[in-house]
Every structure is written in structure tokens, then in C-alpha cells.
Amino acid sequence: MREVQFDGLVGGTHNYGGLSAGNVASTAHGGKESNPRGAALQGLDKMKFVRDLGVLQAVFPPHQRPHLPTLRALGLRGSDEEMISAAASGDAQLLRLASSASAMWTANAATVTPSCDAADGKTHFTPANLSEMFHRSIEAPVTTRLLRTIFAGDGFVVHDPLPPNQFADEGAANHTRLSTAKGTVHLFAWGRAAFGKRAKPKHYPARQTLEASEAIARRHQVSAEMARFPQQHPGGIDAGGFHTDVLAVGNERFLMLHELAFLGKNGLVDDLKKALGEELAVMAVSDAELPVKSAIAAYPFNSQVLTVGDGEMCIVAPEDAKEDPHAHAFLEKVAASGGPVKKVHYLDVRQSMHNGGGPACLRLRVPLSDAERSQVASSARVFFDEALERDLRAWVEKHYRDKLVSDDLRDPKLARETMTALDELTKLLRLGNLYDFQGVASG
Ligand code: SUG
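One structure accompanies this document, and this report is about it.

About the thresholds
Residues numbered from 1 in each chain as written. Predicted model: local features only at pLDDT ≥ 70, side-chain atom pairs only at ≥ 80, totals over all residues. Heavy atoms only, no water. Pairing = 2+ DSSP bridges. Helix = DSSP H or I, 4+ residues; strand = E, 2+ residues; numbered from the N terminus. Axes fitted to C-alpha atoms, helices over the stretch in contact; angles between N-to-C directions. Patch = residues over 30% accessible without salt bridge, like charges linked within 9 Å, V, L, I, M, F, W, Y side chains within 5 Å. Areas by Shrake-Rupley, 256 points an atom, 1.4 Å probe, with all protein chains shown as cover. Salt bridge = Lys/Arg side-chain N within 4 Å of Asp/Glu carboxyl O. Buried < 20%, exposed > 50% of the residue type's maximum accessible area, 1.4 Å probe, protein only. Near = heavy atom within 4 Å. Polar contact = N/O pair within 3.5 Å; in protein donor to acceptor, adjacent residues only side chain to side chain. Nonpolar A, V, L, I, M, F, W, Y, C, P; charged D, E, K, R; others polar. Core = buried A, V, L, I, M, F, W, Y, C linked by side-chain atoms within 4.5 Å. Contact = heavy atoms within 4.5 Å.

Some remarks on the sheet that holds strand 11 (residues 281–285)
Reasoning step 1: Ordered by their spatial adjacency, three strands build an open sheet running 9-10-11, and the pairing between neighbours is mixed. Looking at the sheet topology across the chains shown, the edges are occupied by strand 9 (248–251) and strand 11. Ignoring which end each strand starts from, the neighbouring axes of this sheet average 5 degrees apart.
Reasoning step 2: Bridging between strand 9 and strand 10 (residues 254–258) involves four bridges; their strand directions are antiparallel. When the bridges of strand 10 are listed, Asn 251 appears paired with Phe 254.

Some details on a nonpolar patch on the surface
Reasoning step 1: Judged by side-chain polarity, Leu 74, Leu 94 and Phe 134 come together as a nonpolar surface patch covering roughly 240 Å² of accessible area.
Reasoning step 2: With respect to the element layout, Phe 134 can be found in helix 6 (residues 134–137).
Reasoning step 3: Given a relative accessible area of 36%, Phe 134 falls into the partly exposed group.

Re the site of the ligand
Reasoning step 1: The local shell around the ligand holds 22 residues, among which Ser 20, His 135, Arg 207, Asp 245 and Cys 361 are the closest.
Reasoning step 2: The backbone of Gly 18 places a nitrogen or oxygen atom 3.2 Å from an oxygen atom of the ligand.
Reasoning step 3: Taking His 243, its side chain carries an N or O atom lying 2.9 Å from a nitrogen atom of the ligand.
Reasoning step 4: Here the ligand, which alone exposes 490 Å², has 100% of that area covered by the protein.
Reasoning step 5: Classifying every residue of the shell around the ligand gives seven nonpolar, twelve polar and three charged.

Regarding the pairing of strand 15 (residues 363–368)
Reasoning step 1: Among the six residues in strand 15, five count as buried, and that is most of the element.
Reasoning step 2: Sheet topology note: the strand 1 (residues 2–8)/strand 15 ladder contains six bridges and is antiparallel. Note that in strand 15 the partner of Asp 7 across the bridge is Arg 363.

Observations concerning the nonpolar core
Reasoning step 1: Counting 93 residues, the largest nonpolar core has Phe 6, Phe 151 and Met 256 as the members making the most contacts within it.
Reasoning step 2: The contacts of Phe 151, once residues within four sequence positions are left out, are Phe 6, Phe 60, Phe 125, Phe 156, Val 158, Val 366, Leu 368 and Val 376.
Reasoning step 3: Counting residues in each nonpolar core, the second largest holds 15 residues, with Met 83, Ala 87, Leu 95 and Leu 404 among its members.

So yeah, pure geometry; function would need other evidence.
Laid out in C-alpha cells, this is it:
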């Protein structure tokens, strides 16, 4: 088994819409100018960096934005241009909701269970319904279609997204797989219980429900011995830790976490040590050492922890974490601790960070065996080799704007530009028709 990092290509409408309550970067940057081309190139630079570490890297395409079928579903009528103009009336909220490039954060695309952990021996995917945030909920149908196109072989099961609301699901951002010689544990974390009384945050929304996490473990056939359902700390969510991966990250025999990542952290760590043995290396940090404010602003936990050879690991962190003294000191301490992580690399993904998405948000981890990987490669050109990198850079340079403010979303030419770009991209990636504007029916 080797893990493939599936990064989301940033979409041509990447903008700061201020759409995600509880995500402090999204709120703080709402209305500011964005740079879609710069954002897409930062994403490609990260993919190249990760590939050059010897890690398998692949891409998912962006979604169609503005999403005209959504505008139509919300009662707008007429030509594309007329709908865009109607959606832009007033404070243009409908247009912003339909225009977010949020599918770039593929950690929220799905939860993935490797075939070695599922009772039926298949790789399971549940596309996230993202039902807590309207602008994200509209990603689910295209994500499902995309996963079914890419993972079409017999060894894969792509489920339907869970039903919404009480089964609100945010995908792999709340899921962590840990594994040692002694065993494997899946942490299916959640922020609120839809039924029954549990602690909840006071200020910000808790997005994922316990019921959703339990349903995923069941449909993915993860045994009760392997599954754990820790709760995100309500205080962590209220500080801006809307997803688990904002305050914790794990990989194989390594876990690093902030004290406000999970409720009952100490009990959880004890339980993990029991299940996984002394091989498990845990780096937990207190709020006194790394204030949660720094963790939220600089995203040291929203890093990729990558196995780069012979069990050795490195961390790919956002550059912001180098600039924050607390976050920097903590990451460097992790690398010097004698544990599996030997080095921290800092990359600039600020265009994404300003919407609350660090390196970990930008990728979906898909562990695949050689045989499973060959089933993927035969149907689509998604593996990020040098030739694909060259083609994608040229594609971005050709189609993307380098400046976008809220008012630009009103420009019907922008919608056309993105459709032209995506039409070309589906050919380049050999994905066939994927989008509604290509004649594929919604739903
Ligand atoms: O869902 N931001 C995303 C960021 C997702 C981060 N993902 C992980 N932590 N895995 C979100 O809040 C902001 C869009 C805007 O405001 O324009 C946004 O959707």
C-alpha cells in the first residue's frame, strides 16, 4: 500500500466570499482581492514539491463555478447571463454562494478507507455531503461523479453521500488513520451529536455529526476494534478549529495534536497507546506552549505528514507556521524529538490559507496497492508526472485571471471563461464529460 495525495486544482473563481462562519480566515478575508492564477500555481508548486519527495501525487479537477444549476434550482430564470445578473442583485450573496472554488480543499471531498481495513477487502469512499455550509454542499454530486470516474475498477466502492443535516459529513478532514505493527485505528471525529445530549460549541457551528461518523465506519466495514469516535473539543471549535485537521494530524505511527483538538484527550491517547503499542509516537502540545490562537492563525497542524522512505517522515507545513514563533518552535521541536518526523518544510499556500485551507486541506489521502493504482491509471490521466505538471501550468497561465474582487463575479464573461477552461481540462485529464454544462445531468 502506498498513499496517493489527490490535490484539488484551484478553480478559476477562487475568491474571498466570507462564506464560512467559524472559519476565522474566511471571515477575516471576506471581500478582499484574490489571485486565482497565483492560487492555482501555489497549489501546483506544492504538488511538485511533494512529488519530488518521492510521494505519489495526483489531481482532482475544480468544479464548475458559478454553478448555474444551483442558481436555477434557487428559482432564477433565463439565460446564463440573466441568471448571473439576477444573482448579483442586492448584496450578491446568491452569486457568492454559487461561485466559491471551495472544491479545492479535497480533504473535504470524501472519507476513504483502504482495502486492507475494510471487511470486504475493497477501498471505500464516501463523498462528503458538506451539508453544514450551503456553498460546500453543492460539491457533493460532482465529487461523487468524479470519484466514480476515477475509481471505476472492481476494487473500489464509491458510496452515495450520506443524507444531509443530522448526518452532516465533512469528509477526511475529520478522519485520521493510525497504524503500527500492533494494529490499526481509525479516528472518526465529530463536532456535535444530532440526537442526544452532548457538549457543543457556544459560538461557532460544529459541522460533522457523530451519527455521520458512525454511519461511515459502518458502510466502510471498519471493525469495532479499529474504530474510535472522539469528539472535537467544543473549545477548539469556538477558537476556530472547525475541522479536526486544524488542530491535529496523524500518519501511521505518528500523531500530533493540540490540547483543544479532542474532548477527553488524555483518555484518547491512553487508549491509542494500548491499541497501537509503544511504537505510537504522540506529540501533544498544551495551550500554554502553543496558544490555540497561534494554532488557528498559523495552521501548524494543518500540515501534511508524509512517509518519505523507510518509515521516516517529514512535515509539509504552511509558511505561516514558520513566521509564528509558537507554531515554529513546536514544529521544530517535533522534528528534533527523535520521533519518526525528521524534517519540516514550509511552503507558501497563502491564497488558500486566507480562506482557511492549509496544505492538509488541499489533499485527499488515498492509500492504494499497486494493483489498485493500475486500475486508476488506465481510466484517467490524473497522476502528477512532469508532463501533466507542464500541461497544467500552461492551462492555468492560459485561462486564469490574476485578480478577482467580489464585483468581478458579476461578469458573465467569467462564467464563460471557467467553462471553456474546464472543458479543455476534462480532455487534458481524459475524464470525459463531468460537468452539467457538458450535458451531464445534475444529481
Ligand atoms: O470549508 N473555506 C473552507 C476551508 C476548508 C478547509 N478544509 C479543511 N480544514 N480540511 C471551509 O470553511 C471559505 C470560502 C469563502 O469564504 O470564500 C471556505 O469555504
